[in-house]
Amino acid sequence: MTASQWEVASLYLGAFQLGLLFGLIYDLFRITRIPLGEWCGDYFSAACNRELPLIGRLGAAKRGKLLAVVTVAEDVLFCVVLGIALILLFYETVNGVIRFPAFLLTAAGLGIYRVTLGRAVRSVSERLCFWSACCFRYTVYVTLYPFRWCWKRIVAFGSREWRKLADKRCRKAMARYTERLLRSVETTVSALTDDSGRKERRQKKDVGKKETL
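In this text the structure is predicted, and so the values were computed from the model without any measurement.

Asks: I'm lost on the packing of aromatic side chains in this one. Help?
Replies: A ring pair, where both rings are aromatic, is described by two values, the distance of the centres and the angle of the planes. Within the structure shown, the criterion is met by four aromatic pairs. Plain terms: the ring middles of F22 and F78 are 5.6 Å apart, the flat faces sit at 70° to each other, and that makes the pair edge-to-face. Of the two residues, F22 sits in helix α1 (residues 5-33) while F78 sits in helix α3 (residues 65-94), which places them 56 residues apart along the sequence. Taken individually, F22 and F78 each receive the classification buried, so the pair is uniform in this respect. A connected cluster of aromatic rings, assembled from ring pairs, spans F22, Y26 and F78.

Asks: Would you mind showing me how to read the packing of α3 against helix α4 (residues 100-115) here?
Replies: The relative placement of two packed helices is expressed as an angle between their axes plus a distance between the axes. Remark: α3 packs on α4, axes separated minimally by 12 Å, with the N-to-C direction vectors making an angle of 130°. Classified by the angle their axes make, α3 and α4 are oblique. As α3 runs across α4, the sense of the crossing is right-handed. Every residue of α4 that contacts α3 at F78, L82, L86 and F90 is listed here: A102, F103, T106 and L110. Within the contact of α3 with α4, the residues separate by chemical class into seven nonpolar, one polar and no charged.

Asks: Before we go on, may I ask you to explain the packing of α1 against α4 in this structure?
Replies: Across the interface, α1 lies against α4 with an axial gap of 7 Å and an inter-helix angle of 40°. As the angle between them shows, α1 and α4 are arranged oblique. Crossing of α1 over α4 shows right-handed handedness. In this structure, α1 uses L11, Y12, A15, F16, G19, L20, F22, G23, L24 and D27 to contact α4, whose residues at the interface are P101, A102, L105, T106, A108, G109, L110, I112, Y113 and R114. A breakdown of the residues in the contact of α1 with α4 according to their chemical character gives 14 nonpolar, four polar and two charged.

Asks: Looking at this structure, I do not really get the environment of L11. What am I missing?
Replies: On the secondary structure map, L11 appears in helix α1. Along the backbone, L11 and L86 are 75 residues apart, and their C-alpha atoms lie at a distance of 9.5 Å. Look past the residues within four positions of L11 in its chain and what remains in contact with it is L89, F90, T93, V94, R99 and A102.

Asks: Where do I start with a positive patch on the surface in this structure?
Replies: Together, K168, R169, R171, K172, R176 and R180 line one region of the surface with positive charge. With respect to the element layout, R169 can be found in helix α5 (residues 117-212).

Asks: What should I look at first to understand α1 in this one?
Replies: For α1, built from 29 residues, the straight-helix expectation of 42 Å at 1.5 Å per residue is met to within 8% by its first-to-last C-alpha distance of 42 Å. Among all positions of α1, only V8, L11, G14, A15, L18, G19, F22, G23, D27, F29, R30 and R33 are buried.

Asks: Is there a simple way to think about the environment of F78 in this case?
Replies: Residue F78 is classed as buried on the basis of its relative accessible area, which comes to 10%. Taking the C-alpha atoms as reference, F78 lies 8.2 Å from F22; in sequence the two are 56 residues apart. With residues up to four places along the chain from it excluded, the contact list for F78 reads F22, I25, Y26, F29 and L110.

Rules and cut-offs
Residues numbered from 1 in each chain as written. Predicted model: local features only at pLDDT ≥ 70, side-chain atom pairs only at ≥ 80, totals over all residues. Heavy atoms only, no water. Phe/Tyr/Trp six-rings, centres within 6.5 Å; stacked < 30°, edge-to-face > 60°. Helix = DSSP H or I, 4+ residues; strand = E, 2+ residues; numbered from the N terminus. Buried < 20%, exposed > 50% of the residue type's maximum accessible area, 1.4 Å probe, protein only. Axes fitted to C-alpha atoms, helices over the stretch in contact; angles between N-to-C directions. Parallel < 35°, antiparallel > 145°, perpendicular 65-115°, else oblique. Left-handed = near helix turned anticlockwise from the far one by under 90°. Contact = heavy atoms within 4.5 Å. Nonpolar A, V, L, I, M, F, W, Y, C, P; charged D, E, K, R; others polar. Patch = residues over 30% accessible without salt bridge, like charges linked within 9 Å, V, L, I, M, F, W, Y side chains within 5 Å. Areas by Shrake-Rupley, 256 points an atom, 1.4 Å probe, with all protein chains shown as cover. Salt bridge = Lys/Arg side-chain N within 4 Å of Asp/Glu carboxyl O. Lys, Arg positive; Asp, Glu negative; His and termini not counted. Charge placed at Lys NZ, Arg CZ, Asp CG, Glu CD. Expected span 1.5 Å × (residues − 1).

So yeah, pure geometry; function would need other evidence.
Below is the structure:
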């Protein structure tokens, strides 16, 4: 059964529109990969390196294995959904007859979207991602500020008490060491005095013996 000219035209127009639609869907997929280190334009890179009040620099995420896995998964999902959409379009318009110009028109729609509306969408998406990241960071900062304040006070109090305890232990240790040192000095002095007294008594005894002789 041959398709009418209107059905073929509907197929080609639908394929072109499908290309435009899936160009937008691919950009939406790309937006989800920006936090994982997906390449962005000059605005996002410069904005992430800008010094912001209280939170500092956002810093762009580095590329990693997770980005590669997510990219492959999203590309496979994109191709599968696009293929299913094309098949449904063929069955809806020309009763499932495959017409290769429809694939070319879909690719043309993707390309035209890429060089026209896609640039504006990418630019807006970069700004949305940056400001969303700023809002998230500020929300986290404000939420965690009381806990950070309490933690700093606890750490400062603990460090002061620890220094006091360490100083007290050090003073006690020094006192014990000084007491032991004094005892050892007293013992040494007493031993030396006892030895000198014994020598003097012996010398006196020897002198007395000599005089008696």
